[in-house]
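# Structural description and commentary
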Amino acid sequence: MKKTKVVDYRFGSGLALFTGILFFLVSFRAPDILSNAPTYAVPGTIEMIQQYSLIIVVVGIFLMSIWWYSKFERFSLRSVSHGIVYYLIFRQILVLTDFYYQTDVQAFIIDFAFNFALFFYFGFIIKGLKFYSSSGRSFLHIAFWGIVAFIALNAALHLAGMGSMIWNRRFFGLTANPNFIGMASGVCVVFSFALLSERQTFWHKLLCLIGFVSGALVCFMSDSRGAMGAALAGCLLITVLSAKRAITGIVIVFLIGSAAFFLLSLVDINSIIFAHRGNTREQVWEYLYVVARGLPFFGLGSNLPATTNSYLYAIAATGLLGGFFFFMSLIYVFRRSVSIVPLLKSSRINPIPIKIYIGLSTFLIGGALFEGFMLDSASIPVFTYWFLLAYGK
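All values derive from a computational prediction rather than experimental measurement.

### A word on the packing of aromatic side chains
Scanning the entire structure with this criterion turns up 30 aromatic pairs. With centroids separated by 5.4 Å and ring planes inclined at 70°, the aromatic side chains of phenylalanine 112 and phenylalanine 116 adopt a geometry described as edge-to-face. Of the two residues, phenylalanine 112 and phenylalanine 116 are both situated in helix H5 (residues 105–123); the distance of 4 residues between them amounts to about one turn of the helix. Phenylalanine 116 gets classed as partly exposed once you look at its relative accessible area, which sits at 40%. On the numbers, 5.0 Å between centres and 75° between planes, the contact of phenylalanine 139 with phenylalanine 387 is edge-to-face. One end of the pair, phenylalanine 139, is in helix H6 (residues 139–159); the other, phenylalanine 387, is in helix H14 (residues 380–390), and 248 residues separate them in sequence. Assigned by exposure class, phenylalanine 139 and phenylalanine 387 land together as buried.

Dropping the structure here:
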């Protein structure tokens, strides 16, 4: 394969618009919600979006990939990072393992092709957009606007009393699970927190503030401690990196940590284990640990009874073979995050994209300890991980 053609996509192009819509739609979900939250209800228009959003995302990515390939006939695998290749291999091993146990040909073809389409989209297509630009015309800003629109919609519907999305004191939002909406809102919190330090217009600042407040509200209402803890870790690290003096960073960390401890103490511990929620994390981790401890070369597939730890889940689902590539992708993101920290000292480099990359990496790696989102096919956290791998090179 020959070298990729360099393409200058403008902010108002179809690619930018599609990317924003993609991040807005990707976490809408409502399968079997009534079995988990009997009183769940949303407006009819929103319910329709929940039913068809994933189909729109899948078809849209396929069509975008076909269009891009037809426009630009040559591309180079040398332009993609090792990390995104590792993650693709891991996801395809998961699909193959599921096919071995479930023998669902249609699901196998769709999932296998969709993984390649995601790899193509994040590995090649979005490279047509700058990762970051102070003008706001960049991939980071476009993805951020889509995420904020989704999270703000969740908050607005709840505050306006349009629907019933709380069950047993946990906010389910426009996703199928309170932990899912918790992780999506956590991404929004870290993203917004990093962008708040950016020199922007009043309206950009207001958008970032709306993202941070709505994200924090939704994350807290979800009662997802994994998401809250990971978001706090990401924001604290961004704070430390932003402090010009060490003592300033220490004081800010102490104040934020104290406030977070107070807020978390308000969450009733009994709400973590309630009827109809299923296994507790202790039971889940014990099960996954027993499976992973056997160090199977091939895993059991994604149809496991619980998914509250991406690391154990990856080994249990794909075995040592798939787990190797999964952890290699994590190591890639971690090493990339560490390697760009010294760039913050350079006056020639804008620190905002570095803070965003490190903050989101911290959130995802930390959140994966308590949630199994890394094995999801499509969601805001998963797409965030894809683009961190893609732009890591």
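### Brief notes about the state of the cysteines
All chains considered together, the criterion is met by 0 disulfides. Among the cysteines around cysteine 208, which has no disulfide bond, cysteine 188 carries the closest sulfur, lying 9.5 Å off. Taking relative accessible area as the criterion, cysteine 208 reaches 2% and is therefore assigned buried.

### With respect to the side chain of serine 133
Tracing the backbone through its elements, the reader meets serine 133 in the loop between H5 and H6. The residues touching serine 133, leaving out its near neighbours within four places in the chain, are Ser138, His141 and Glu198.

### Regarding the packing of helix H1 (residues 14–25) against H6
Taken N-terminus to C-terminus, the directions of H1 and H6 make an angle of 35°; their axes are 7 Å apart at the nearest point. Where H1 crosses over H6, the two elements pack in a sense that is right-handed. Listed contacts from H6 to Ala16, Thr19, Gly20, Phe23 and Phe24 of H1 are Phe139, Ile142, Ala143, Gly146, Ile147, Ala149, Phe150 and Leu153. Counted by class, the contact of H1 with H6 contains 10 nonpolar, 3 polar and no charged residues.

### Thoughts on unusual backbone geometry
With phi around 65°, arginine 169 is a residue other than glycine that occupies positive phi space. Considering the arrangement of structural elements, one finds arginine 169 in the loop between strand E1 (166–167) and strand E2 (170–171). The residue aspartate 223 is not glycine, and still its phi comes out positive at about 60°. Considering the arrangement of structural elements, one finds aspartate 223 in the loop between helix H8 (202–222) and helix H9 (225–242). Aspartate 223 gets classed as buried once you look at its relative accessible area, which sits at 5%.

### So, the environment of phenylalanine 28
Here phenylalanine 28 is to be found in the loop between H1 and helix H2 (33–36). In sequence terms phenylalanine 28 and glycine 173 are 145 residues apart; their C-alpha atoms lie 9.0 Å from each other. Once residues within four sequence positions are removed from consideration, phenylalanine 28 is found in contact with Ile46, Ile49, Gln50, Ser53, Phe150, Leu153 and Leu174.

### A few points about H14
Here H14 lies mainly inside the structure; 11 of its 11 residues are buried. Within H14 the residues assigned to the buried category are Ile380, Pro381, Val382, Phe383, Thr384, Tyr385, Trp386, Phe387, Leu388, Leu389 and Ala390. A side-chain oxygen of the first residue of H14 lies 3.3 Å from the backbone nitrogen of valine 382; this N-cap is serine 379.

### Observations concerning helix H7 (residues 178–195)
The end-to-end C-alpha distance of H7 is 26 Å, a good match for the 26 Å that 18 residues give at a rise of 1.5 Å each. Of all 18 residues in H7, 16 are buried; the element is thus mostly enclosed. Where H7 begins, the side chain of asparagine 177 points an oxygen toward the backbone nitrogen of asparagine 179, at a separation of 2.7 Å.

### Comments concerning the nonpolar core
Ranked by internal contacts, the top residues of the largest apolar core, which has 108 residues, are Ile61, Tyr121, Phe122, Phe191, Phe383 and Phe387. Those residues within four positions of phenylalanine 122 in sequence are excluded, and the remaining contacts are Phe23, Ile84, Lys127, Phe383, Trp386, Phe387 and Ala390.

### A closer look at a nonpolar patch on the surface
A contiguous nonpolar surface patch, about 720 Å² in accessible area, is contributed by Met48, Tyr52, Ile55, Ile56, Val59, Leu63 and Ile66. Counting through the fold element by element, methionine 48 comes out in helix H3 (residues 44–71). Under the relative-accessibility criterion, methionine 48 is labelled exposed at 52%.

### Remarks on the confidence of the model for the protein chain
Counting all residues, the mean pLDDT for the protein chain is 82, and 79% of those residues have values of 70 or more. Highest mean pLDDT in the protein chain belongs to H14 (95); lowest belongs to helix H10 (residues 246–265) (57). This stretch, residues 1–12, has a pLDDT under 50; its non-local contacts, to residues over four places away or in other chains, come to 30 contacts. Every residue in residues 266–279 scores below 50 in pLDDT, and together they form 23 contacts with partners more than four places removed in sequence or on other chains.

Conventions used here
Residues numbered from 1 in each chain as written. Predicted model: local features only at pLDDT ≥ 70, side-chain atom pairs only at ≥ 80, totals over all residues. Heavy atoms only, no water. Phe/Tyr/Trp six-rings, centres within 6.5 Å; stacked < 30°, edge-to-face > 60°. Helix = DSSP H or I, 4+ residues; strand = E, 2+ residues; numbered from the N terminus. Buried < 20%, exposed > 50% of the residue type's maximum accessible area, 1.4 Å probe, protein only. Disulfide = S-S within 2.5 Å. Contact = heavy atoms within 4.5 Å. Axes fitted to C-alpha atoms, helices over the stretch in contact; angles between N-to-C directions. Left-handed = near helix turned anticlockwise from the far one by under 90°. Nonpolar A, V, L, I, M, F, W, Y, C, P; charged D, E, K, R; others polar. Polar contact = N/O pair within 3.5 Å; in protein donor to acceptor, adjacent residues only side chain to side chain. Expected span 1.5 Å × (residues − 1). Core = buried A, V, L, I, M, F, W, Y, C linked by side-chain atoms within 4.5 Å. Patch = residues over 30% accessible without salt bridge, like charges linked within 9 Å, V, L, I, M, F, W, Y side chains within 5 Å. Areas by Shrake-Rupley, 256 points an atom, 1.4 Å probe, with all protein chains shown as cover. Salt bridge = Lys/Arg side-chain N within 4 Å of Asp/Glu carboxyl O. pLDDT = per-residue confidence, 0-100.

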